[in-house]
Amino acid sequence: MPEGPELHLSSLFINDSVKGLIFSGEIKKSDVSKNPTIQWDVPFYTITAESRGKEMKLWLEEYSPKEGKEVMPPQKISILFRFGMSGCFKLSIVDEIPKHSHLRFFTAKNSVDPKQVLSFVDFRRFGKWEVNVDWGSDRGPCPITDYENFRHNIVNNLENSAFKNKAICEVLLNQKYFNGIGNYLRAEILFRSKIAPFDDAYNVLCDWKHAAMYPIKTDNVAGPSIQDPLYLCHAICSEVLKLSVGYGVEAGLKENGSFEKWLRCYQNPRMKSLTDRNKRTIWFDGVPGPLVPNDSNTRRPKTKRRIVENVVEKSVTGVKARKRNTVTESTELRASSRIPTRRSPRFAHVLDLKEMS
């Protein structure tokens, strides 16, 4: 599922890709989508985007070519997107609209040649959009763009029942306080914090209630000694943004990619794993903590080709070290047949799979 960094990267992708483009005409919704139709009756408009945790807004603003003349204030609407399990945006020419494109914005006839289309693509169809609504009231401040308020919202509400007698790994997925934090981020945050995933959330967070807002004064980058989990919610998201590519849902972890190399804990075969009360898998190192559910199970990584350097194998004759070769003929074939469509950064460089109907 796309997390805070992926939605933020998508907003940056849109703002960069459609800068200077003028859109017009009907905003087309796919026949299979149950989301609302967008009624936007203006001749021309522009598009900008912004994100907040696991939500993203498109702003559509009426465009008038009449410069230097007194005109009425432009009309403006917003569309709030929640990406679900597989949502993303892609920019393509009209003749190459991606499959599973459920909302399409077309450029004006003379804006660019060939004509282009910005598409919301969602092959699993869990994504949602709403028109002219505010950010979700059940979601807290964004740890990426509003870190200080994000932290205040948590430390000022620690007496709330949301933090009492609950495992820290489960509380980290509560979007009312940890907006944008998802499965891979919680694993990386707890791993660097040296916190057991099933430790009591209230006790863990109270230890950091009076900690400095910014443990590192320069560049806000998390160093190896930083163990403040609230600060790491901000710093680790910022690290993903610097990679310019996040978790790609279509192909899972990208082989030999910068994102996979950046991960230290999530889906690492050398780590342990257990399911929480919501049956979500948490990856960790060391002891799990006291609040492990009675029915918790261990799960192995879905990808069988995760890069593991110097994997040590025991054999009858002793111990030998080897390196896994993760490059296969099938991946090379897929790489040679990529669709020439500009993708949101979290899908950049991801090998195309046979798309699901």
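Everything below is about the structure shown above.
Being a predicted model, the structure only gives us computed values, none of them experimental. (Residues numbered from 1 in each chain as written. Predicted model: local features only at pLDDT ≥ 70, side-chain atom pairs only at ≥ 80, totals over all residues. Heavy atoms only, no water.)

Asks: What is the right way to read the packing of aromatic side chains from this model?
Replies: Aromatic ring pairs: the centre-centre distance and the angle between the two ring planes describe each pair. Evaluation of the coordinates by the stated rule reveals 16 aromatic pairs. Here the aromatic rings of Phe 81 and Phe 120 are separated by 5.0 Å at their centres, their planes lie at 45°, and the arrangement is tilted. With Phe 81 in strand E4 (residues 76–82) and Phe 120 in strand E7 (residues 116–121), this residue pair connects regions lying 39 residues apart in the sequence. Residue Phe 81 is classed as buried on the basis of its relative accessible area, which comes to 0%. Looking at Phe 120, the relative accessible area reads 1%, which means it is buried. Sitting over the face of the ring of Trp 59, Lys 76 holds its NZ or CZ atom 5.0 Å from the ring centroid. In this structure, Lys 164 is placed above the aromatic ring of Tyr 202, and the distance from its NZ or CZ to the ring centre is 4.9 Å. (Phe/Tyr/Trp six-rings, centres within 6.5 Å; stacked < 30°, edge-to-face > 60°. Helix = DSSP H or I, 4+ residues; strand = E, 2+ residues; numbered from the N terminus. Buried < 20%, exposed > 50% of the residue type's maximum accessible area, 1.4 Å probe, protein only. Lys NZ or Arg CZ within 6 Å of the ring centre and 35° of its normal.)

Asks: Quick question: what am I supposed to make of helix H2 (residues 147–155) here?
Replies: Side chains of residues three or four places apart in an α-helix project in the same direction, reflecting 3.6 residues per turn. Among all positions in H2, only Tyr 147, Phe 150, Arg 151, Ile 154 and Val 155 are buried. Taken around the axis of H2, the buried residues stretch over an arc of 120°, which confines them to a single face. Summarising the contacts, the buried residues of H2 are in contact with helix H5 (201–206) and helix H6 (229–243). (Arc of directions from axis to C-beta. Contact = heavy atoms within 4.5 Å.)

Asks: Would you mind going over the packing of H2 against H6 with me for this structure?
Replies: Two numbers describe how H2 lies on H6: the axes approach to 10 Å, and their chain directions differ by 150°. Considering the angle they form, H2 stands roughly antiparallel to H6. Two packed elements cross with a definite hand, and for H2 against H6 that hand is right-handed. Only Leu 230, Tyr 231, Cys 233 and His 234 of H6 make contact with H2, whose side of the interface consists of Tyr 147, Phe 150, Arg 151, Ile 154 and Val 155. Residues that form the contact of H2 with H6 fall into these classes: seven nonpolar, one polar and one charged. (Axes fitted to C-alpha atoms, helices over the stretch in contact; angles between N-to-C directions. Parallel < 35°, antiparallel > 145°, perpendicular 65-115°, else oblique. Left-handed = near helix turned anticlockwise from the far one by under 90°. Nonpolar A, V, L, I, M, F, W, Y, C, P; charged D, E, K, R; others polar.)

Asks: Teacher, can you tell me more about the side chain of Asp 200 here?
Replies: Turning to its location among the elements, Asp 200 is positioned in the loop between helix H4 (183–193) and H5. It is Lys 164 that comes nearest to the buried, bridge-free Asp 200 among opposite-charge side chains, at 8.4 Å. A polar contact of 3.2 Å, which involves the side chain of Asp 200, links it to the backbone nitrogen of Tyr 202. In this structure, Asp 200 is in contact with Lys 164, Asn 165, Lys 166 and Leu 291, ignoring residues within four places of it in sequence. (Lys, Arg positive; Asp, Glu negative; His and termini not counted. Salt bridge = Lys/Arg side-chain N within 4 Å of Asp/Glu carboxyl O. Polar contact = N/O pair within 3.5 Å; in protein donor to acceptor, adjacent residues only side chain to side chain.)

Asks: Looking at this structure, how should I read the nonpolar core?
Replies: Generally speaking, a soluble globular protein has its nonpolar side chains buried in company with each other. Core analysis: the largest hydrophobic core is formed by 49 residues, its most contacted members being Ile 154, Phe 163, Ile 168, Phe 178, Ile 181, Tyr 184 and Leu 205. Contributing elements (two or more residues each) for this core: H2, helix H3 (168–171), H4, H5, H6, helix H7 (258–262) and strand E10 (281–284). Counting residues per element, this core draws most heavily on H6, which supplies nine residues. With residues up to four places along the chain from it excluded, the contact list for Ile 154 reads Phe 163, Tyr 177, Phe 178, Leu 205 and Leu 230. Membership of the second largest hydrophobic core comes to 28 residues, among which are Leu 7, Phe 13, Leu 21 and Phe 81. (Core = buried A, V, L, I, M, F, W, Y, C linked by side-chain atoms within 4.5 Å.)

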